[in-house]
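# Secondary and tertiary structure notes
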Amino acid sequence: MDTKPAEMMARRKFLKLVTTLPALAATAALVSPLLRFLKPNVEKFKIYAPTVQDAARGEVIAVATLREVANPWDYKYFVFTQKYPQYTPEGFKAANVPGVVIKLPYKITLYDPATGQGPWRWARDIGKTPKVTESDLIVFSRICPHLGCIYNFVPNYKEVTAGYGGYLPPPPRQHALMACPCHLSIYDPADPQLPGRVLSGPAPRPPRTFLYEIQGENIIATDVEPGGIA
Amino acid sequence: MWEKVRDWLAQRRQKLDLFDETLVARQDNPLYLMGPMLYYFWLITVVTGVILMLWYEPTTTGAYTSIERIQNDIGRLALTFLGRPVTLGGLTRGLHKYGADALITITFLRIYRMYFLAEYKKPGELSWMLAFLGLILGMVSGITGYLLIWNQRAFWAAKVVLTVPVYFDELPLIGPLKFGSMIAFLFLGGPAVGQATITRFYALHFGISLVLLILVEVFFQRTRRKRINMSLFPLALFLVMLVVISIILPAESGRRADPTKTPLPILSDWYFLALYQYVKYTPPLWAGLGPGLLIGFGLIVPFLDRSKGRRPLERPFFTVVGALAVLYFLAFTALILFNIAVIERDPFLIMNITLVVLALGLFWELRHRRQQRQAAAAGISPPARAPVHG
Ligand code: HEM
Ligand code: FES
């Protein structure tokens, strides 16, 4: 009863602090289990970069024969099966990655063994060395690098102008293009420096590529560049 | 500090209006009937939603078929309209869908009313913030519900919307924590749209309304306010209107989702269309940041607007901002419907128009304030303030 008011205040503050700290600590301790409940493949107590566990596993398939894409601008669609972790009771779940094989009218560099540059730059990150380094065949993932729609290979650029928002390519690029229905990103598959260069639209980068090998008559897709939502 | 926040909250809580319940004195004005109507349409969607759950099957393989069955087979009536059978299932779906549309429409209109009449000013801050959160949760309900049909539009809408947060990984400082991809992965239940996505969307779709309904009910119990302060006739009329629309224009099912083919053009529920057009124009990081900033602006607008008056012309700058928002919403929606987007030209034009209009608005605001000050100095009392609601 004889404590001074100021002292009371200080005590009150102290008590408050003493009760708040454990409450905060308890909340923090709950974050990780909660995260693991929602996403069971997160490591225990890991909050930083919890999505690294979600690398997809691809299944090697033959996507086309050389004869099917013999002439310039021939193309063939295919579907590459990839297994993603899905947080269902069954665990892994296959998701499909549609792709397109394109025969270009000229050869371009896919991978420069000396510098590691080129569209297949990413191969080293997954521990592979491309067997093909230069070719007039290129294989793209058709998942749009913008927001994940499936874009189309459009053999006639006029159809791009008519159907995809009115973009008219400059004369050197008036050939087959790739265009996305969602937000009208337009790509040039045959750009020698940067195959899949973004000509128009909001896409931040060219479409992802497939690593492939030629075995006899067959074009075999082995891996797809990681990233994005399938 | 804490005490201040608590006092502030206590004060606002007393004046809190979830569905315009305290504005009964203005019942003759349809603007103030929006609150009760909002609640009414919400109840309709909840009740019909629970009925739909009896037949709906939340699986990638079964969802679309179950929707078709609900639409065409469940509870057939001895009645056809233009050769199509009328079914109780179809009516329930129609009521749910059009009820949800009405709900979102009214939420939008009510937000605009609150904005242009400055109802967000003291002591209405909390009511405004809750109304705004309600709009966002309503839109989340809309997009999660939409995916449940598992048709083409819904599938691609879900995929596009949930790829947007992945770009937050590019932000400086917080980007490397990968919380952007994590948001996407948590909602999708993995790095792809699939079964886990439907399950999670189903839970969210139901859960949002369930939790809010409980909170609202607690509020009504405590304040003992009347829930729907409207006469029976308009309520019955609205219900009949929903039924009639559901018969004339049955809720669409579209085509079954195909993960390997994106339709051209892709569209979504009408209230997302303007956002879709915006996404075409902007780099993908801004596709997420833009709406985020807009939501942030909406939530803190009561604290930004320090003007004195409540009438639109008494606070020119914020009126201009609001008018611009309405205009862009309408214009972008029109542009996407006609599939027009010249990506080289439009963003530049739009940025410039926005800047000019905002600058003019600011100019107008400054002039208005100067005039007020001069009038005050000359001894003319400013026009009487509009009365505070409540
Ligand atoms: C507890 C409340 C709710 C339940 C149980 C529920 C349940 C359902 C179910 C089972 C479906 C799939 C059937 C169908 O599409 O016809 C559905 C669809 C849908 N729901 Fe809900 N829902 C609820 C609340 C809401 C709310 C508040 C909204 C507000 C925006 C909403 C918007 C939608 C939409 C837009 C669809 C797609 C309808 C269509 O296009 O056919 N739902 N809901
Ligand atoms: S998803 Fe292809 S342009 Fe946006």
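Conventions used here
Residues numbered from 1 in each chain as written. Chains lettered and ligands numbered in written order. Predicted model: local features only at pLDDT ≥ 70, side-chain atom pairs only at ≥ 80, totals over all residues. Heavy atoms only, no water. Helix = DSSP H or I, 4+ residues; strand = E, 2+ residues; numbered from the N terminus. Rg over C-alpha atoms; globule rule 2.2 N^0.38 Å. Buried < 20%, exposed > 50% of the residue type's maximum accessible area, 1.4 Å probe, protein only. Contact = heavy atoms within 4.5 Å. Areas by Shrake-Rupley, 256 points an atom, 1.4 Å probe, with all protein chains shown as cover. Domains from an automatic or database assignment. Donors = N, O, S within 2.8 Å, 3.2 Å for Na, K, Ca; no water. Tetrahedral: all angles 85-135°; square planar, octahedral: opposite > 155°, others 65-115°. Polar contact = N/O pair within 3.5 Å; in protein donor to acceptor, adjacent residues only side chain to side chain. Pairing = 2+ DSSP bridges. Axes fitted to C-alpha atoms, helices over the stretch in contact; angles between N-to-C directions. Salt bridge = Lys/Arg side-chain N within 4 Å of Asp/Glu carboxyl O. Phe/Tyr/Trp six-rings, centres within 6.5 Å; stacked < 30°, edge-to-face > 60°. Lys NZ or Arg CZ within 6 Å of the ring centre and 35° of its normal.

### Describing the overall build of chain A
Secondary structure summary: chain A contains 2 helices and 11 strands in total. In terms of overall dimensions, chain A is more spread out than a globule: its C-alpha atoms have a radius of gyration of 26 Å, far above the 17 Å expected for 230 residues. For chain A, the proportion of its 230 residues judged to be buried stands at 46%. In chain A, the proportion of contacts linking residues at least 24 apart, taken out of those at least 6 apart, comes to 53%. Here chain A displays about 11800 Å² of accessible surface, and carbon together with sulfur accounts for 58% of that area.

### Some thoughts on the overall build of chain B
Helices and strands together make up the secondary structure of chain B, namely 13 helices and 2 strands. For 390 residues, the compact-globule estimate of 2.2 N^0.38 gives 21 Å, and chain B sits close to it at 23 Å. Overall size of chain B, expressed as C-alpha extent along the three principal axes, is 75 × 55 × 45 Å. Out of the 390 residues in chain B, the part that is buried amounts to 48%.

### What about the domain arrangement of chain A?
According to the domain assignment, chain A consists of domain 1 (1–38) and domain 2 (51–224). Taking the mean C-alpha position of each, domain 1 of chain A and domain 2 of chain A sit 55 Å from one another.

### A few points about the coordination of the iron atom of ligand 1
Residue and element names in this part refer to chain B. The coordination sphere of the iron atom of ligand 1 contains the protein donors His96 (NE2) and His205 (NE2), at a distance range of 1.9 Å. Around the iron atom of ligand 1 sit 6 donor atoms; with metal-centred angles ranging over 86 to 179°, the donor geometry is octahedral. Taken together, the residues span a long stretch of sequence, with His96 in helix H4 (residues 88–116) and His205 in helix H8 (residues 195–223) at a distance of 109 residues. Both residues of the pair, His96 and His205, belong to the buried class.

### Topic: the side chain of Asp20 of chain B
Residues and elements named next belong to chain B. Relative to the helices and strands, Asp20 is located in the loop between helix H1 (2–14) and helix H2 (34–53). Residue class for Asp20 comes out buried when judged on its relative accessible area of 5%. Within the local environment of Asp20, its side chain forms a polar contact with the backbone nitrogen of Gly35, the two atoms lying 3.2 Å apart. Side-chain polar atoms of Asp20 contact the side chain of Arg110, separated by 3.0 Å. Asp20 has contacts with Tyr32, Met34, Gly35, Pro36, Arg110 and Arg113, leaving out every residue within four places of it along the chain.

### Comments concerning the sheet that holds strand S6 (residues 152–154) of chain A
Two strands in a sheet stick together by hydrogen bonds in their backbones, pointing the same way (parallel) or opposite ways (antiparallel). Residue and element names in this part refer to chain A. Strand order in the open sheet formed by 4 strands is S6-S7-S8-S9, and the pairing between neighbours is antiparallel. Where the open sheet ends on each side, the last strands, each with one partner, are S6 and strand S9 (197–200). Across the sheet, the mean angle from the axis of one strand to that of its neighbour is 35°, orientation sign disregarded. Where S6 and strand S7 (residues 177–179) come together, 3 bridges link them in antiparallel fashion. Note that in S7 the partner of Asn152 across the bridge is Ala179.

### Thoughts on the interface of chain A and chain B
Counting residues at the interface gives 42 residues for chain A, matched by 46 residues for chain B. Linking chain A to chain B there are 0 salt bridges. Where chain A packs against chain B, one counts 6 residue pairs in polar contact (both at pLDDT 80 or more). Those elements giving two or more residues to the side of chain A that touches chain B turn out to be helix H1 (5–38), strand S3 (75–85), strand S4 (92–109) and S9 of chain A.

### Remarks on the pairing of strand S2 (residues 84–87) of chain B
Residues and elements named next belong to chain B. Of the pairings in the sheet, the one linking strand S1 (residues 76–81) to S2 comprises 3 bridges and is antiparallel in character. If you follow Arg76 over to S2, its bridge partner there is Thr87. A loop of 2 residues connects S1 with S2, the two strands running antiparallel in sequence, and Leu82 in this loop sits at a positive phi of about 50°.

### With respect to the pattern of salt bridges
Any two side chains of opposite charge can pair, on the condition that their charged atoms come close. Taken as a whole and assessed by the stated rule, the structure comprises 20 salt bridges over all chains. Asp188 of chain A is the partner of Arg173 of chain A in a salt bridge, and the nearest nitrogen-oxygen pair spans 2.7 Å. Taken together, the residues Arg173 of chain A in the loop between helix H2 (157–163) and S7 and Asp188 of chain A in strand S8 (residues 186–188) connect sequence positions 15 residues apart. Residue class for Asp188 of chain A comes out buried when judged on its relative accessible area of 2%. Among the salt bridges present, the one from Arg12 of chain B reaches Glu125 of chain B, with a minimum N-O distance of 2.6 Å. Taken together, the residues Arg12 of chain B in helix H1 and Glu125 of chain B in helix H5 (residues 125–148) connect sequence positions 113 residues apart.

### Focus on the packing of aromatic side chains
Per the counting criterion, the structure on display carries 32 aromatic pairs over all chains. Every member of this aromatic cluster is reached through a ring pair, and the members are Tyr112, Tyr115, Phe116, Tyr120, Trp128 and Phe132 of chain B. The residue whose ring lies beneath Arg142 of chain A is Tyr77 of chain A, and the NZ or CZ to ring-centre distance is 3.6 Å. Its guanidinium or amino end placed over the ring of Tyr115 of chain B, Arg315 of chain B lies 5.9 Å from that ring's centre, counting from NZ or CZ.

### Quick notes on the side chain of Arg12 of chain B
Relative accessible area serves as the criterion here: at 4%, Arg12 of chain B is assigned to the buried category. Setting aside residues no more than four positions away along its own chain, Arg12 of chain B makes contact with Lys122, Pro123, Glu125 and Leu126 of chain B.

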